[in-house]
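Report on the structure
The residues making up each chain are set out below.
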Amino acid sequence: MSSTGQQPLKTASIADIKISRGTGGETHQIAEGDTPVLTTAHGIPVADDQNSLKAGERGPTLIEDGHFREKIFHFDHERIPERVVHARGYGAHGFFEPYRSLSDITAADLFQRAGEKTEVFVRFSTVAGNKGSPDLARDVRGFAVKFYTKEGNWDLVGNNIPVFFIQDAIKFPDLIHAAKQEPDRGFPQAQTAHDNFWDFISLTPEAMNMALWIMSDRTIPRSFRFMEGFGVHTFRLVNADGASTFVKFHWKPKLGLQSKVWNEAVKTNGADPDFHRRDLWDAIQAGDFPEWELGLQLFDDSFADEFPFDVLDATKIIPEELVPVQIVGRLVLDRVVDNFFAETEQVAFMTQNVVPGIDFTNDPLLQGRNFSYLDTQLKRLGGPNFSHIPVNAPRCPFAHFQQDGHMAMRNPVGRANYEPNSWGPAGGPRESPQKGFQTFPEDMTGVKRRVRAELFADHYSQARQFYISQTEPEQTHIKDAFVFELSKVETPEIRGRMVAHLLNVDKALAEKVADGLGLSPLPKPADPARPVITDLPASPALSIVKNGPKSFKGRKLGVLVTDGSDAKLLKALTKAIDAEGGLVELIAPKVGGVKLSDGEATPAKQKVNGGPSVLYDAVAILASADGCKLLMNEATARDFVADAFAHAKFIAFAPSAKPLLDKAGVEPDDGVFELTGAGDVKTFIAALGELRLWDREKTVHTV
Ligand code: HDE
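The rules we used
Residues numbered from 1 in each chain as written. Predicted model: local features only at pLDDT ≥ 70, side-chain atom pairs only at ≥ 80, totals over all residues. Near = placed C-beta within 6 Å. Helix = DSSP H or I, 4+ residues; strand = E, 2+ residues; numbered from the N terminus. Nonpolar A, V, L, I, M, F, W, Y, C, P; charged D, E, K, R; others polar. Axes fitted to C-alpha atoms, helices over the stretch in contact; angles between N-to-C directions. Contact = placed C-beta atoms within 7 Å. UniProt positions renumbered as here; feature names shortened; annotations may be inferred. Buried ≥ 20, exposed ≤ 12 C-beta atoms within 10 Å, placed from the backbone. Parallel < 35°, antiparallel > 145°, perpendicular 65-115°, else oblique. Arc of directions from axis to C-beta. Expected span 1.5 Å × (residues − 1). Pairing = 2+ DSSP bridges.

1. Quick word on the site of the ligand
Taken together, the neighbourhood of the ligand is formed by 25 residues, with Arg83, His86, Gly142, Ala169 and Val232 sitting nearest. Mapped onto the shell around the ligand, the elements with two or more residues apiece are strand 4 (118–126), strand 5 (141–149), strand 6 (152–159) and helix 9 (364–381). For the shell around the ligand, the element with the highest residue contribution is helix 9, accounting for six residues. Of the residues assigned to the shell around the ligand, the class counts are 13 nonpolar, nine polar and three charged.

2. Description of the packing of helix 2 (residues 172–179) against helix 3 (residues 195–202)
Put simply, helix 2 and helix 3 touch, their axes get as near as 7 Å, and they point 145° apart. Residue-level contacts link Asp174, Leu175, Ala178 and Ala179 of helix 2 to Asn196, Phe197, Asp199 and Phe200 of helix 3. Here the residues of the contact of helix 2 with helix 3 are counted per class, giving five nonpolar, one polar and two charged.

3. Quick word on the UniProt feature "active site" (unreviewed entry) in the protein chain
Per the UniProt entry, the sites bearing "active site" (unreviewed entry) are His86 and Asn159 in this numbering. Their sequence span is 74 residues, while the largest C-alpha to C-alpha distance among them is just 10.5 Å; these annotated residues converge on one region. Within the secondary structure, His86 is located in the loop between helix 1 (66–76) and strand 3 (89–98). A residue is classified by how many C-beta atoms lie within 10 Å of it, and His86, with 22 of them, is buried. Excluding residues that lie within four positions of it along the chain, His86 makes contacts with Ser125, Val127 and Gly142. Tracing the chain through its elements places Asn159 in strand 6. If we skip the residues at most four places from it in the chain, Asn159 touches Val140, Arg141, Gly142, Phe143, Phe230 and Val232.

4. Re the packing of helix 12 (residues 492–505) against helix 13 (residues 507–517)
Running from N to C, helix 12 and helix 13 point in directions that differ by 155°, and their axes come no closer than 6 Å. Compared by their axis directions, helix 12 and helix 13 come out roughly antiparallel. Residues Arg495, Val499, Leu502, Leu503 and Val505 of helix 12 form the contact with helix 13, whose participating residues are Lys507, Leu509, Ala510, Val513, Ala514 and Leu517. Residue classes in the contact of helix 12 with helix 13 are distributed as nine nonpolar, no polar and two charged.

5. Observations regarding helix 13
Turning to helix 13, its buried residues are Leu509, Ala510, Val513 and Ala514. Viewed end-on, helix 13 has its buried residues packed into an arc of 130°, placing them on one side of the element. Residues of helix 13 that are exposed and angled more than 90 degrees away from the buried face: Lys507 and Ala508. Buried residues belonging to helix 13 abut helix 10 (461–468), helix 11 (472–487) and helix 12. Once helix 13 ends, the next one or two residues include Gly518, with phi positive near 65°.

6. A look at helix 9
Helix length check: helix 9, at 18 residues, gives a terminal C-alpha distance of 26 Å against a target of 26 Å (1.5 Å per residue), a fit within 8%. All buried positions along helix 9 are accounted for by Pro364, Leu365, Leu366, Arg369, Gln377 and Leu381.

7. Some remarks on the pairing of strand 8 (residues 235–238)
Summarising the sheet, strand 8 and strand 9 (residues 244–253) pair through four bridges and their orientation is antiparallel. Each bridged residue has a counterpart across the sheet, and for Arg236 the counterpart in strand 9 is Phe246. Two elements, strand 8 and strand 12 (residues 358–359), share two bridges in a ladder whose sense is antiparallel. For Arg236, the partnering residue across the bridge sits in strand 12 and is Asp359.

8. Things to note about the sheet that holds strand 20 (residues 672–674)
Spatially, 17-14-13-18-19-20 is the arrangement adopted by the six strands of the open sheet, whose pairing is parallel. Edge positions in the open sheet fall to strand 17 (606–607) and strand 20, since each of these has one partner strand only. Relative to strand 20, strand 19 (residues 651–653) is paired through three bridges, and the arrangement is parallel. In the strand pairing of strand 20, Ala652 is matched with Phe673.

As structure tokens, this is what we get:
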């Protein structure tokens, strides 16, 4: 008994406490059996992690409680500033390997030996949304690759769209301010469908090519695994003799291109805001490693001089049909991160990280980026020593005289922390004109002026080329996206200004957008900075549909099942999808699963209201007759079917499930397959290679 007559508070002994947390990779000196003992950050073992230290059972907490204070202090400081752009992202580890030596065009060590693997870390991202925003926002995707080469880190910080909004980095803060939430109200989040964005774009004609790209389905990719990546700028490759070749970098997904449709994207954001990150995580964890091939467009000075656009203008592409993309290697992502914060959040990409054999051009956007990325890391990571963080540290030996500063983990050893010094070999590293990075000695003269090069001024020809390169459904999606976004714009003048630009891109597109907006009469076309708008040939490489997959590999079939579902049919379907390299996921009235027709109990992955069809590339409805009756009265089951139909997906059904399809408004067409036996399964699987029945869209969308 205590002097107050109360029972002393029982302090649980370590034997009473079940510790389930891992050690986070730290070394614990103390352990009880296999379980490490919880300690403070300074290693002091903790006896009670449930109760703070108090003066009496109901008394105030004591300042003396170092463990409590340390815990709360650390928690209070867990956040770092999110990236000002590309805040939401997802990373993974992997490797790059060249298919052949590129020593003829570059001295870059990672390209010298066919088949030699270089470790990489890749982070995909959206641009405008905050860290917690949904994955399927209509937005450009970042595609940033850090190569840990033997001659230092090379960061190829690209996007999934090969052009950009602006030509000069000085406009970047304006662009991003306009795109993000409006500053007074703090919304809308993660979307460009608002006045400020379109106000800025409509006043920035150089953005027109990119405006067409972002209104295409490129900005709502099916997942990271199905999108291209681009270095965007023209870079240089420099070989051992010092000869330079211009290069544009491309990443081509092995699985082909695929995107969502807009209404599907909107609903996916509600059903699973983490759709893209979950997809990447699941694929890697399942051993289905995502893969891209590296392609190079190579050209010389004479091509650059003759090309009708300036190769330093990041709002323009070089069509692949003109300069073919040569495939030179592959990138494989085969390991998820151990810790999201440590790796994905703390990774610091910097465009200025190029290795010997790779160099910049004078693209004014790239030049500006080379300033920005270093600067931003200081803000985000809190000090100059962010290269000490494991995900940012080179994997090759490195040596320099940088020292001290916040969180210094490594300092120069020994007496020498400067050079030149006369301490001989003990004096530390020395520069090497032979091995060190040599800037390409480009001839430079010029008058110091704030100016843009003349050829940058054609803002419409490539926008038109992009538009005419699309298939009909893709053109319709671009029109629909403009109408959707501009319908969210409250100021009629801004809508009108955008239509005025579109008149210079494609008259029919402009008219359809104007009609969709109820805008009449048509405005006059915008005054082009350069009066000549050239009709360029279509470039099939710019279409997603034309570069889609031929099979269901890497895709997911959602199968709606109930008690009594045909076991033989489900097995045949599963086997066939498996053989294609796809995945089958079961959706049922209860997540515990169903009893199939053969009596086998089969667990489900999703309960029907948590697994809408927007999560799947195609669906099969295998409800039994009784199950069908049950589901006909379940709104989410009807939505499952109706949405799959509206999103032009292929739908298979068991005869017993037909009433559900009827009730959901499914009209029979070439994308709806009744499965009565193995032959039908085969036909269904063959159709799945196309992924969508685009013709159906015309029958399900009328406004
Ligand atoms: Fe970025 N960009 N950017 N950007 N960017 C950043 O750097 C910037 C541009 C891109 O996963 C920031 O570390 C300027 C083009 C990606 O960590 C910042 C300009 C392209 C990522 C920055 C551009 C990109 C960023 C914010 C105009 C495609 C995410 C956080 C001149 C080629 C990297 C950070 C990751 C991130 C500046 C334009 C791609 C502020 C000034 C063009 C993929 O430094």
